[in-house]
Amino acid sequence: MTARTQSKPRARRSAARPHRGKPFYKQWTWKRLRNDWAAWACVAVLAACVAAFPFIVDVPAALTDLRDGVSRTFGLGLFVVAGWAAGIAWAIHTRAWRQGSIFWQRAFGFLALGLFLWGALGLNEADWSSGSVSFKRVSLGGDIGRGFVSGVLGKLVWVSVFVIAAATLAPRPTMWLARNGPRGVEIAWERRWPHRAMQRARTIAGSIVQRPAQRSELSDEVIIGGPGTVYRRRARTAPIGSGPFDLPAPVSQETAVEAQPEPNAPDLELEAEAAEPEQLGFDLPGAHGKWQYPALDLLQTPMPAIHRKHDNAARAQLIVDTLSSFGVDASVVEVNEGPTVTQFGVEPGWEVRYKDLQLRDETGRTRLGTDGRPLTERIEQSRTRVRVNRITALQNDLALALAAPSLRIEAPVPGRAIVGIEVPNDSATVVTLRSVMETKEFTESLRKSKITVALGRGVSGVPVVADLAKMPHLLIAGATGSGKSVCINAIISGIMMNASPDEVRFVMVDPKRVELTPYSPIPHLAFSEVIVDVEKVVGALQAVVAEMEARYKKFAAMAVRNIESYNKHPKILKKLPYWVVIIDELADLMMAAPVEVEKLICRLAQLARATGIHLVVATQRPSVDVITGLIKANFPTRIAFAVTSMTDSRTILDTGGAEKLLGRGDMLYMPTDASKPVRIQGVYLSDGEVERLVQFWTHERFAELAPERADDLLERALIERNGGDPDFDLDENDPLMVRARVLALQHQRVSPGLFQRRLQVGYVKAAKLIERLEDEGLVGAREEGESRPVFQPDHSARHVPDLLD
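A quick note: this is a predicted structure, and the numbers were derived from the prediction, not measured. (Residues numbered from 1 in each chain as written. Predicted model: local features only at pLDDT ≥ 70, side-chain atom pairs only at ≥ 80, totals over all residues. Heavy atoms only, no water.)

A few points about the pattern of salt bridges
Side-chain pairs of opposite charge can arise where the charged atoms are in close proximity. We count it as follows: A carboxyl oxygen of Asp or Glu within 4 Å of a side-chain nitrogen of Lys or Arg is what we treat as a salt bridge. Secondary structure elements follow DSSP: runs of H or I no shorter than four residues count as helices, runs of E no shorter than two count as strands, and numbering proceeds from the N terminus.
This model, assessed by the stated rule, comprises 23 salt bridges. The partner of Arg679 in a salt bridge is Glu422, with the nearest N and O atoms 2.8 Å apart. Taken together, the positions of Arg679 in strand β19 (residues 678-682) and Glu422 in strand β10 (residues 419-424) put the pair 257 residues apart, joining distant regions of the chain. Close ionic contact of Arg638 with Asp654 constitutes a salt bridge, the shortest N to O distance being 3.3 Å. With Arg638 in strand β17 (residues 637-640) and Asp654 in the loop between α25 (646-653) and β18 (666-670), the pair connects residues that are 16 residues apart, well separated along the chain. Overlapping salt bridges bring together Arg408, Glu422, Asp666 and Arg679 as one network.

Here is the structure:
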C-alpha cells in the first residue's frame, strides 16, 4: 500500500516534464527551434536598425529637442517625479502595501506633497535657462506646474493640497497648529512684532544701502535758504522715539560755490526736503486715513533682574527658629519673591498635649526604676492647630529678628491655607509699564476691553491688570510722594497706548496745575483744556452728567441697556467713546464746593457705568471729610498707597495695612471681587515716556483726524449754573452792578471767586462783572492768577449804602 502511493507521484512528475535530465540540444523540438530562430532574427533586425539610425537621423539634435521638450513640459518637476519613482520602488522592494491603510495614507500624503512642491515651482519664474528653454517664461515647474497653479481656483487647490499633505503626513502637529496658530498670529499682531521687525529691517537696510551719487561731491547736502546763506542737512533716519532732525549746520561760501549747478546742467531743487515723520510707530496713520496705535518701543524696556544679597532659605529658617523660640510650631512651605517684598508662606503646626502614665506590673503595682522612682510613659492626649493670632502677635519680634524696617502679615492668604509674611527686599526692582503690557494677562484683557489698566506686579511677580469697565470707578489715596501721580499717569498712558480718541475720551481735573497739564494737547480730551480752575470744576462735572443723561436717552431710543449693546447695534454708524474722568486732587474740590462736588461725583458713580463713563479720583488726604461715607460706598475699587496712620488706612480700605507699605509705588489694591486687598508694586512711568507718547498723538498727521470737542456741553453747564446767559448786559444803575462796585471798593484786590461767594452768582457772571468794572477803570488788568487790583477813586465810596445786607 505504501509502495503504490509513493510510485504514483514519480510517474506524474516524469510525465509532466519528459525532457528532464536530457542535454539541452536534445530538449529542443522543431516547434521550439522555429520560435527561437524567429526571435533571434528580430533581435538582429533591431540591431541593424539601431546601427543605421545615426546615418539617417541627427541624434544630437534629436536629444537636444527631447531635452528641451522635457524641460519645457516638466521643468524642475522632474525631481518630484523622480521622488515619486523612488518611493514606488521602495514600496515594491519592502512590500510596504501590506501595512494597509497606513501605507495608503502616507502614499496619498507624499503624492499631495509632491504636487504642492511642483505648484511652488510653477509660481517661481526665475531667470534661469536650460538649453533653449527660459524658465522665466514657463516657470521652474514647466508647463505642468504653471498650469496647476494658474488662476484663483488653481491657487486655492494648491493651498488645499498642502493642507491635505500636512494632515496626512503629520496629523498631530497639524492639529496643534490649527488650534494655536490663529491665536499666535493674533498675539503677534497685537504686540506689533511684525511691525517692529519691518521697522528694524528698514532701519538696517537704510544704514547699509547708500543713496546714489549726485553730480557733485556734496550729494548728501540739501541747499536751502537765500543766496547769502547755505545750509547743510544731513539725511538720516530718526530713531524710534526721538525728535525731529537736528538744526541744519551752516556751510562756508566756498563750499556753497562748489555745490552750485553748472550753467548747462538742469536746475537742482533748492527746496528743503520735507523731514520724515518720526518713526514712532510702524504705519503712518495719515497715509491710511485712520488712527494707528503707538508702538511699545515708545516705552522704557523692562529693567533687568537685580541680584539680591539676601538668602531666602536662610531667612525662612530664621522665621521658623524665631517662632519656635516663642513656642509656636510652624514651617515655611513656600517662598514667593516679588519686585519689592518676598512673601514667606508659613503653615501653622500643631499644639500637642501629653500625659505621663505610671507603668504597672501584672499585679497592679507601680513599676520602679533603678533609681527607685516610678516608671512613666508619655502618651499624646490632644492635638490642636496653632492659632493664627499667635503668629500675628509676633509681628514686631519677627521684624526684629529679620532686621526689617517694616513687616506685614497677611493671615490667611486668600485661597491658601498659609499665613503670608511679607519681608521687604534689600533692593527693589523697577516694574515698567512695558513689562506688564507685554504679558499674556494684559493682552487677553485688552482683547475684551479698550480701557484695560496695567497696575503692576504682585508679591510673587505675577502681573496684575484690571478692566476699568468692571471696576467701574477707582478711588486712589495715599500720602505725598507715595506714587499716586505716577499711578494716574500709568493709567492714562496705558489707555492711550491702546485706544484712539474715537474710542476713549478723557476729562481731566487738576487743581494742582502741574500733574495733568502735559496731556492738554492730546486729541483724547473731551474738552479743549485740562480743568485747572476750581470754579470750573462743578461746571465740568455738570457737563459730564449732561453727557450721561444724553446717552441714556440714546439707549432708550435704541432699546439697549449699556454702551456695549449700543455700539454693536446694526443701526449705529458712529460708536460712542468711553469717557474717563480723572480727578487728581479731591481735597481741593471738597474745600471749594463740598456739597456740589460730592453730589455730582456720587451721581456719576451710581449711574454712569452703563453709559461708559468711569471715574478715577485721587487724593493725598484720606480723611473722613474728604472721602465721605457716600463717596466711599460708590467706589468699590480702591487703591491705597503708603499712609501715615492706621486710621487713614481704614478710611480707604476699611482695614489696616497701608501704614506698613514702603512707598515708591508699593500699594494695596482692593478689587470688587476680593475680600482682602492685594499687595502690588505699581508700574513706573517716566516723564520722558509721557512726553514721547504725547508727542506721538499730537503729531501733525493726526490734525485731520482729531474729533470734535464737547466744549458746548461745558459752556451750557456753566450757563445753567450761573442761572442765565453769560452775555448779559446790565445797566450802570443795576443793583447787581452797584453791589459789585461797593464790594470792589471795600477790597484792594478782587477775583471771580470773591464775587461768587459774596454776590451769590456763578463764575461766568462774576467774570463778566469784573470785565465791566475793568472797562469802567475801577479794576485793573489781570496780573497773577484770577486776582485783579482795585483802583480807589478820588471821592470816597464809603458813603454808598451797604446794599450787601
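Back to the text.
Some thoughts on the nonpolar core
In plain terms, the rule: In this description, a nonpolar core means a group of buried Ala, Val, Leu, Ile, Met, Phe, Trp, Tyr and Cys residues linked to one another through side-chain atoms lying within 4.5 Å. Classification of residues uses two cut-offs on accessible area relative to the type maximum, computed with a 1.4 Å probe and protein chains only: under 20% is buried, over 50% is exposed, and between them is partly exposed. Contact criterion: two residues are considered in contact whenever any of their non-hydrogen atoms come within 4.5 Å of each other.
In this structure, Ile476, Phe506 and Met508 are the most contacted members of the largest nonpolar core, which totals 63 residues. Broken down by element, the residue count for this core peaks at eight residues, all from helix α19 (residues 484-498). Phe506 has contacts with Ile492, Ile495, Met496, His524, Leu525, Ala526, Phe527, Val580 and Ile582, leaving out every residue within four places of it along the chain. Residues Ala608, Met670, Leu714 and Leu718 belong to the second largest nonpolar core, which totals 51 residues.

A closer look at helix α14 (residues 312-325)
The test is simple: One fewer than the residue count of a helix, multiplied by 1.5 Å, yields its expected span. N or O atoms closer than or at 3.5 Å make up a polar contact, with two conditions inside protein: a donor-capable atom paired with an acceptor-capable one, and, for residues adjacent in sequence, both atoms drawn from side chains.
The first and last C-alpha atoms of α14 sit 20 Å apart over 14 residues, in line with the 20 Å expected at 1.5 Å per residue. In this fold, the buried residues of α14 make contact with β5 (330-337), β6 (341-348), α15 (388-392), α16 (395-402) and β10. The N-cap residue of α14 is Asp311: its side-chain oxygen and the backbone nitrogen of Ala313 are 3.2 Å apart. At the C-terminal side of α14, Gly327 shows a positive phi close to 80°.

A look at the sheet that holds β5
We apply this condition: Any two strands with at least two DSSP bridges between them are considered paired. Orientation is described by lines fitted to C-alpha atoms, with helices fitted over the stretch in contact, and by angles between N-to-C directions that extend from 0 to 180 degrees.
Strand order in the open sheet formed by four strands is β5-β6-β10-β9, with antiparallel pairing between adjacent strands. What marks the edges here is a single partner per strand, and that holds for β5 and β9 (408-410). In this sheet, neighbouring strand axes are inclined to one another by 25° on average, regardless of whether the strands run parallel or antiparallel. Sheet analysis places β6 next to β10, joined by six bridges and oriented antiparallel. Bridge pairing links Thr342 to Val423 in β10.

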